Amino acid sequence: MQGPQTAFSEHIDTNINLIRFRYKHASLKLESMDVGRITRSRLCIMYDDMLVDHKVLNHLKNQIEELDFGHAKMVLIGENIIEENLRESLDWFNRRRGIQMVAWIAIGKPSAEAVLATQTSQERLPGISLLLSFGKTGVESGFIVSEYMFDFFRKQTEWGLDPILPVVEASGNHYTINTSIVFDKIRARLTLNSDETRLFNVIKATVNKVEFEAPIDDSKIFISVDSIKSKYRVYTPRGTPPHVDLRINMSGVIEEAYLKVSSDKLASYQESTEKTGRERIKKLLRRLQKENLDPFGFGLNYRARHFGNVEEEWKAWQSLYPELDFRVQIHLKLEGTGTIK
């Protein structure tokens, strides 16, 4: 058998003893300290006093004193990193319960450093603004995908559910969050534009406030949706093609129109909006299907209803997904025209 005979554990004293056992030299030194104002996590520096560059060692100590992960609630990844294996890049964060359970994760464009260096008019650094942008605590936007670190880590290993992350783009003295990127477990695969990101949130029903555009004759109207509910199920009946039955219920009012609207025509406005929504959602689902990506968890839904060998079920789903048909039903209830008589 080949492989490591010893390995690190979660206990720092055990790890120190393993190193001392392997490195049996009197010049091996150990310095221990507590870092973080809140967590006060124990940290150790081990080095060979005969070989270490003391200038580098002193610089390292100064940097460690400034570390504080007690309130690390936002993790930004640069665009150059998402093309690599993210499991390796984020391994340390995922193993820190104090971070992965509370921190949001997003992609910084053109880099994470550029986003953090953005000088906004409201604050010196965009730290608070970033936190308020996710989780619907300060901003309710249909264009923002909120993802916790622990949930992103789970989706990296879950068969039938692919990860998706929001993109924070720095521009001048502000930043924009209205696009997202879907991953194939490890690397970035597909970028969703602002409209596709909004449709993703509608399908997942992760937001309640979103705007829908619908053509009416030679003009258009904009619907302000304030309630969304959705559910889906994968069907694999014998003798007929497999399909996903996706049902979305929404309610709202007409917020803006480039034509004169009438309460007598609410039914036609609803029908036009429903038709437009069905076409756009089907287009997004087929695009993801073509790339063999599944951020909605259709594969997980299939596996939950088929029992047997896990690997055989997964192989069966992989052969079914490219042939899957999408049956989308949207029911919109317009509460009114949004006008005052």
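Parameters and conventions
- Residues numbered from 1 in each chain as written.
- Predicted model: local features only at pLDDT ≥ 70, side-chain atom pairs only at ≥ 80, totals over all residues.
- Heavy atoms only, no water.
- Helix = DSSP H or I, 4+ residues; strand = E, 2+ residues; numbered from the N terminus.
- Buried < 20%, exposed > 50% of the residue type's maximum accessible area, 1.4 Å probe, protein only.
- Contact = heavy atoms within 4.5 Å.
- Areas by Shrake-Rupley, 256 points an atom, 1.4 Å probe, with all protein chains shown as cover.
- Pairing = 2+ DSSP bridges.
- Axes fitted to C-alpha atoms, helices over the stretch in contact; angles between N-to-C directions.
- Salt bridge = Lys/Arg side-chain N within 4 Å of Asp/Glu carboxyl O.
- Phe/Tyr/Trp six-rings, centres within 6.5 Å; stacked < 30°, edge-to-face > 60°.
- Lys NZ or Arg CZ within 6 Å of the ring centre and 35° of its normal.
- Parallel < 35°, antiparallel > 145°, perpendicular 65-115°, else oblique.
- Nonpolar A, V, L, I, M, F, W, Y, C, P; charged D, E, K, R; others polar.
- Core = buried A, V, L, I, M, F, W, Y, C linked by side-chain atoms within 4.5 Å.
- Arc of directions from axis to C-beta.

### Points about the overall build of the protein
Across its full length, the protein holds twelve helices and eleven strands. When the 341 residues of the protein are sorted by exposure, 40% land in the buried category. Across the protein, every contact between residues at least 6 apart in sequence was considered, and the portion connecting residues at least 24 apart equals 64%. Within the structure as shown, the protein displays about 20000 Å² of accessible surface, and the carbon and sulfur contribution to it stands at 49%.

### Side note on the sheet that holds strand 3 (residues 74-78)
With respect to topology, five strands assemble into an open sheet ordered 3-4-5-6-7, the strand pairing being mixed. Among the strands making up the open sheet, the edge pair consists of strand 3 and strand 7 (188-192). Pairwise comparison of adjacent strand axes, ignoring direction, gives a mean angle of 40° for this sheet. Relative to strand 6 (residues 174-183), strand 5 (residues 164-171) is paired through eight bridges, and the arrangement is antiparallel. Across the sheet, the residue bridging to Ser171 is His174, located in strand 6.

### Considerations on the pairing of strand 4 (residues 104-109)
Within strand 4, five of the six residues are buried, leaving the element largely enclosed by the surrounding structure. Relative to strand 4, strand 3 is paired through five bridges, and the arrangement is parallel. What sits directly across from Met74, in strand 4, is Trp104. Of the strand pairs in this sheet, strand 4 and strand 5 are connected by three bridges, and their pairing is parallel. Among the inter-strand pairings, Gly108 is bridged to a residue of strand 5, identified as Val168.

### Let's talk about the pattern of salt bridges
Applying the stated criterion across every chain, the model contains 14 salt bridges. For the salt bridge of Lys185 with Asp162, the shortest nitrogen-to-oxygen distance reads 3.5 Å. Pair noted here: Lys185 is in the loop between strand 6 and strand 7 and Asp162 is in the loop between helix 8 (149-157) and strand 5, with a separation of 23 residues, a long-range link. One salt bridge connects Arg247 with Asp245, and the closest N-O pair in it is separated by 3.2 Å.

### What about the sheet that holds strand 9 (residues 219-235)?
The sheet built from four strands is open, its strands ordered 8-9-10-11 with mixed pairing. Edge positions in the sheet fall to strand 8 (210-216) and strand 11 (325-336), since each has one partner strand and no second. Here the strands of the sheet are splayed against their neighbours by 40° on average, with no regard to which way each runs. For strand 9 and strand 10 (residues 243-257), the ladder comprises 14 bridges, and the chain directions are antiparallel. Bridged to Ile223 within strand 10 is Ile254. Contacts between helix 9 (residues 194-204) and the sheet are confined to strand 8, strand 9 and strand 10, with strand 8 contributing the most and set at about 110° to the helix.

### Details of the packing of aromatic side chains
For the coordinates displayed, the defined rule picks out twelve aromatic pairs. Measuring from centroid to centroid gives 6.1 Å for Phe298 and Phe326, while their planes differ by 45°, and the two rings are tilted. Here Phe298, found in helix 11 (residues 298-304), pairs with Phe326, found in strand 11; they are 28 residues apart in sequence, far enough to count as distant. Summarising the burial analysis for this pair, Phe298 and Phe326 share the class buried. Each member of the aromatic cluster is reached from another via a ring pair, and the members are Phe200, Tyr232, Phe296, Phe298 and Phe326. Across the ring face of Phe21, the terminal group of Lys24 is positioned such that the distance to the ring centre comes to 4.8 Å.

### Quick look at the packing of helix 9 against helix 10 (residues 266-290)
Remark: helix 9 packs on helix 10, axes separated minimally by 10 Å, with the N-to-C direction vectors making an angle of 100°. Viewed along their axes, helix 9 and helix 10 adopt a mutual orientation that is roughly perpendicular. Across the interface between the two elements, Asp195, Glu196, Leu199, Phe200 and Ile203 of helix 9 pack against Arg280, Ile281, Leu284, Leu285 and Arg287 of helix 10. For the contact of helix 9 with helix 10, the per-class residue count stands at six nonpolar, no polar and four charged.

### Regarding the nonpolar core
Counting 43 residues, the largest nonpolar core has Ile248, Met250, Ile281, Leu285, Leu288 and Phe298 as the members making the most contacts within it. Excluding its chain neighbours within four sequence positions, the residues that come into contact with Ile248 are Val202, Ile203, Ile228, Lys229, Ser230, Ile281, Gln329, Ile330 and His331. The next biggest cluster of nonpolar side chains, apart from the first, holds 16 residues, and it includes Leu90, Ile99, Ala103 and Val167.

### Regarding helix 1 (residues 12-22)
Every buried residue belonging to helix 1 is among Asn15, Ile16 and Leu18, and all of these are buried. An end-on view of helix 1 places all buried positions within 160° of arc, on one side of the element. Helix 1 presents Asn17 and Phe21 as exposed residues on the side facing more than 90 degrees away from its buried surface. Its buried side turned inward, helix 1 meets strand 1 (28-35) and strand 2 (41-48).

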